[in-house]
Amino acid sequence: MDWLEGADQPGTGMRYKYNIHYFRYDQQLEGWNLWIWYDHQEGRSYPFRAVDGKGFAVAVIELPEPRIELITRWSMNGNDWADQEAARRVVIPEGGQEVSIWLVQDDRQVYYDPAEADVSPKFRSALADAADSLIAVASEYITDEDVKTVQLLDGATKENVPVTAVRTGDCSLTIKILNREQFDVTRTYLLKSSYFSPAKVTMRHILEQPEFYYEGRDLGVTYTSYESEFKLWAPTAAKVSLLLYDDAGIYNTDGIVPDHNDMRSTVLMRRSSCGVWSALVRGNLAGQCYMYKVDFADGSSHTAVDPYAKAVTANGQRSVVIDLAASNPAGWLPGEKSLMMQPTDAVIYELHVRDFSVDDHAGLENKGKFKAFTELGATTSDGLMSGIEHLKELGITHVQLLPCSDYATVNELSDEAGNGMNPEYNWGYDPQNYNVPEGSYSSNPCDPVSRIREFKELVQALHDQGMRVVLDVVYNHTFSTDDGPFDKIVPGYYYRTVDTGRYTNATGVGNELASERPMVRKYILDSVRYWAEEFQVDGFRLDLMGLIDIDTMAEVTRMLHEINPGILIYGEPWDMGGTTLPHEKKTLKGSQRHRGFGVFNDNFRIAIKGDSDGGHRGFATGEPGTEGDIAAGVKGSIDTFTHSPAESINYVTAHDNYILWDKVIAARGLLHEMGMLEMRDGTLRSGGSIEEAVNQAEPYKGVGEGADVLHDESVRRTLLANAIVLTSQGIPMIHAGDEMLRTKFGDHNSYKSPDVINRIRWRNKHRFRYVFDYYKGLIRLRQDHPAFRLSTREAVNEHLQILRAEGNVVSFQIDNHACKDAWNCIVVIYNANSEACEVSLPPNNGQWRVVVNDTAAGTAVLEVVDGREGRVRVPGISVMVMYDREN
């Protein structure tokens, strides 16, 4: 066949042929193609080359792997992802070398028999979006005669529910229910016509009616020592049962409990008018495992973990009743912590729990665990402070932890979840049980209490050291819909869908939580309240916050500030395409104005470093012409998208994309020279041992030793980048290990890469001690001088003036004892030129006292400049900070 694809794909040995057929109801196949990937191989586009006699587009592809993942997508006008469907997995039968499959538009099923791929005329969807109306989408054009024959049938009795239908598009209808009393969300209905085969009605927006909203704060389990009350919101269920178990169940080799039929007893639950089912069970149930069995009118039945569970068994397989008081560590005094005066007082340090302590040179016993944060007196193998006392020594105020709630992608029971040679690893953006700490970070994932107690110990330890805890939370998607916490209980409600019933996928992982729907919003509110009150966390970083509607964000902020006025709330305001959330409802840059929460400032980030995954440069990495954007960021972006500096989270790099050291190396074109790795999804693209490749790499080639490292160009560029962040108005954030020139060996997406890539290498603290001291000095400067922490736009406009923003130099002054600072006038200069340059200074008949230069940073005077000269020579690729006089 002359259109065989994939012959050029890498790989040796066995080749596998995939005959892929794809059907679209409208037969508009132009622009549709396949995006295919598999282990160790980056995704790639493959075209359809023909159309068969039944209207299926056909692609024949030969690949070196017997299992692939694919997405059908639409590419047009330069946008390769103008539309896309859910990912599907295709597997070659064992012992075979070829497979034929059939795919149907918006149907996630992969058909291996063409007879099962039904493309006959049908209603593709029927959605109950109001108390008295449905919308429907058919597979082809709806004629006037079709409209006249539309019927809505009760799925059980087959009785006709009187309706009228109106065509609203070539393939779409609105159906009016003539007697709303005849429509019950707990029953099953079928929509059909004389021509179109039926579709089951999904209860979607109808559940947003006030009658289905539950205001109570007792969903889940309310425990006492003498009885426990269970409540579950499942308004479309016909019956719900509480299943009680003697133990956690029998796990298979993947860490999953496949059979939940071993319950000790079953308790029928009672339904309230708003759809909440409840049961009261006498006795002390602390430690009791439980599940819910949810039965629907169409005969389907799901056994599900409680979405409000506060404790679970290993891998979140069963919910557990817990006496939360028993999880409190000794000395737990959650109310005892100093109040942060204003958001701009914060210096945030982004950190992954496992990365922090797993290195052998960390001197920590509880490697990769919550408890590592409780270890005092730990030192590196070079005798320097490590662990929590390193963080205190550095001077940061807030530790932002990557997701710590229970996630789906690490088997907590595997030896590899501990300290094996090739441990399982994940960043944690795969939420499973939102209100339970992750078990792989606990000392005993089989003990439901230990993970809760140990996370509280982490919070307590950081509070005891004068630091606060920010949780990275993921309320924009779940790891799975079929096996996630929601769809088994209320199918079709918690996730955004298009009118054909397909899940939207702006997150890129196959689903989006519909935060704008009342009971989804309530779930988010209840969840963050629980973490704030029970665990006493001090802030929340919201992943993909742009996909959380602005009304929910406003309500989250209002509620949390009632609990703790000093709590930090911020997130990613990225404008993600492909969602049904209206643009005006997205939480984007600018939408946060006056609302009490902040957003990550990517304008400033790009201006400082350039792009995130490539070699494009910014101000600190050698690109001219960005001075104006740097000046705007210095002012807390109050002239662009913020109302006050407190709304701008200033940063250069974070956990994803290139880490700062690697970004500078990429911008200088040195990745190959340094032997950096080409990674994808936790593996080397070329195959082989990651550990061997790491050992052969030379990420610090030519950097030097001791104080000489401060003269290295790459080092100077990293220091300049974060010096800009730490001396600008707003809330600064640095990524863990920046203060030790941390590398990930060129892996710009290390979400599942092993420890050898991700761990913080504690010996670097000794090797790059002068870098650490520089960071420490910059943070001390910021903390000691409120002029760097102005909290209002009025204060910025009154006290901060840009002096120069040209020629790869930005300079500014903060004057008149800003914010009651002891220093009268402070001048900050960024020189991104490779060579030293003369920079003009404000009039001063006295002296300028330099506290930051290219070799040291802090509050002590390093040198003195005669103010009468009116200028100063600033070394290349460096920052200089000086002041005129002190009270």
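Let's shift gears to the nonpolar core. With 204 residues, the main nonpolar core has F455, F540 and Y830 as its most contacted residues. Per element, the largest residue contribution to this core is 9 residues, and it comes from helix 5 (residues 518–534). With 23 residues, the next largest nonpolar core counts I20, Y22, I36 and V90 among its residues.

Pairing between the strands of a sheet comes from backbone hydrogen bonds, and it takes one of two forms, parallel or antiparallel. Ordered by their spatial adjacency, 6 strands build an open sheet running 40-41-42-47-44-45, and the pairing between neighbours is antiparallel. Every interior strand has two partners, whereas the edge strands, strand 40 (800–806) and strand 45 (863–866), have only one. Within the sheet, the average angular offset between the axes of one strand and its neighbour, ignoring direction, is 25°. Running over the sheet, helix 8 (residues 627–634) touches strand 40, strand 41 (809–814) and strand 42 (826–831) and is turned about 165° from strand 40. Packed on one face of the sheet, helix 14 (residues 769–784) meets strand 44 (847–852) and strand 47 (878–883) and runs near 125° to strand 44.

For H643, the position within the fold is in the loop between helix 8 and strand 36 (648–650). Along the chain, H643 and E794 lie 151 residues apart, while their C-alpha atoms are 9.8 Å from each other. With residues up to four places along the chain from it excluded, the contact list for H643 reads R593, H594, I638 and R793.

Moving on: the layout of surface pockets. Of the volumes computed, that of the second largest pocket is approximately 1300 Å³. At the level of elements, strand 11 (123–130) and strand 18 (199–203) are the ones that each hand at least two residues to the lining of the second largest pocket. Taken together, the residues that form the lining of the second largest pocket break down as 16 nonpolar, 14 polar and 17 charged.

This next bit is on the sheet that holds strand 39 (residues 731–735). Taken in spatial order, the 8 strands of this closed barrel run 28-29-32-33-34-35-36-39, and their pairing is parallel. Averaged over all neighbouring strand pairs, the angle between strand axes comes to 30°, with direction disregarded. Examined bridge by bridge, strand 35 (residues 598–600) and strand 36 share 2 bridges and lie parallel to one another. Note on strand 36: the bridge partner recorded for V599 is S648.

With that settled, consider the pairing of strand 28 (residues 348–351). Here strand 28 shows a buried face lined by I348 and E350 and a second buried face lined by Y349 and L351. Alignment of strand 28 against strand 29 (residues 398–401), held across 4 bridges, turns out to be parallel. Counted as the bridge partner of Y349 is V399 from strand 29. As paired strands, strand 28 and strand 39 are joined by 3 bridges and run parallel to one another. By the bridge assignment for strand 39, Y349 is matched with I734.

Another aspect to go through is the packing of helix 7 (residues 602–609) against helix 8. Where helix 7 meets helix 8, the closest approach of the two axes is 9 Å, and the angle between their N-to-C directions is 135°. With respect to their mutual orientation, helix 7 and helix 8 come out oblique. Where helix 7 crosses over helix 8, the handedness of that crossing is left-handed. Of the residues in helix 8, those in contact with F604, A607 and I608 of helix 7 are D629, I630, G633 and V634. For the contact of helix 7 with helix 8, the residue count by class is 5 nonpolar, 1 polar and 1 charged.

The rules we used
Throughout this document, residue positions are counted from 1 along each chain, in the order its sequence is written. Since the coordinates come from a predicted model, pLDDT governs what is reported: local features require at least 70, and pairs of side-chain atoms require 80 or more to be given and counted, while whole-chain, interface and lining totals use all residues. Side-chain numbers come from the whole structure's heavy atoms, not from hydrogens or water. Residues enter a nonpolar core if they are buried and are Ala, Val, Leu, Ile, Met, Phe, Trp, Tyr or Cys, with the set joined through side-chain atoms within 4.5 Å. Burial classes follow relative accessibility: with a 1.4 Å probe on protein chains only, a residue under 20% of its type's maximum area counts as buried, one over 50% as exposed, and anything between as partly exposed. Only DSSP runs of H or I with at least four residues qualify as helices, and only runs of E with at least two residues qualify as strands; both kinds are numbered from the N terminus onward. In this description, strands pair whenever DSSP reports at least two bridges between them. All axes here are fitted lines through C-alpha atoms, helices being fitted over the stretch that makes contact, and every angle between N-to-C directions spans 0 to 180 degrees. Between two residues, a contact is recorded if the distance between any of their heavy atoms is within 4.5 Å. Think of a 1 Å grid over the protein atoms and nothing else: a 1.4 Å probe that fits but is trapped marks a cavity, an open set flanked by protein within 12 Å on at least five of seven lines marks a pocket, and residues with an atom within 4 Å of a point count as lining. Grid points are joined across faces, edges and corners, and a volume is the space filled by probe spheres set on the points. We call Asp, Glu, Lys and Arg charged. Ala, Val, Leu, Ile, Met, Phe, Trp, Tyr, Cys and Pro are nonpolar, and the rest, Gly among them, are polar. In what follows, roughly perpendicular refers to angles from 65 to 115 degrees, roughly parallel to angles under 35, roughly antiparallel to angles over 145, and oblique to any angle outside these ranges. Here a crossing is called left-handed whenever its near helix is offset anticlockwise from the far helix by less than a right angle, and right-handed whenever the offset is clockwise.

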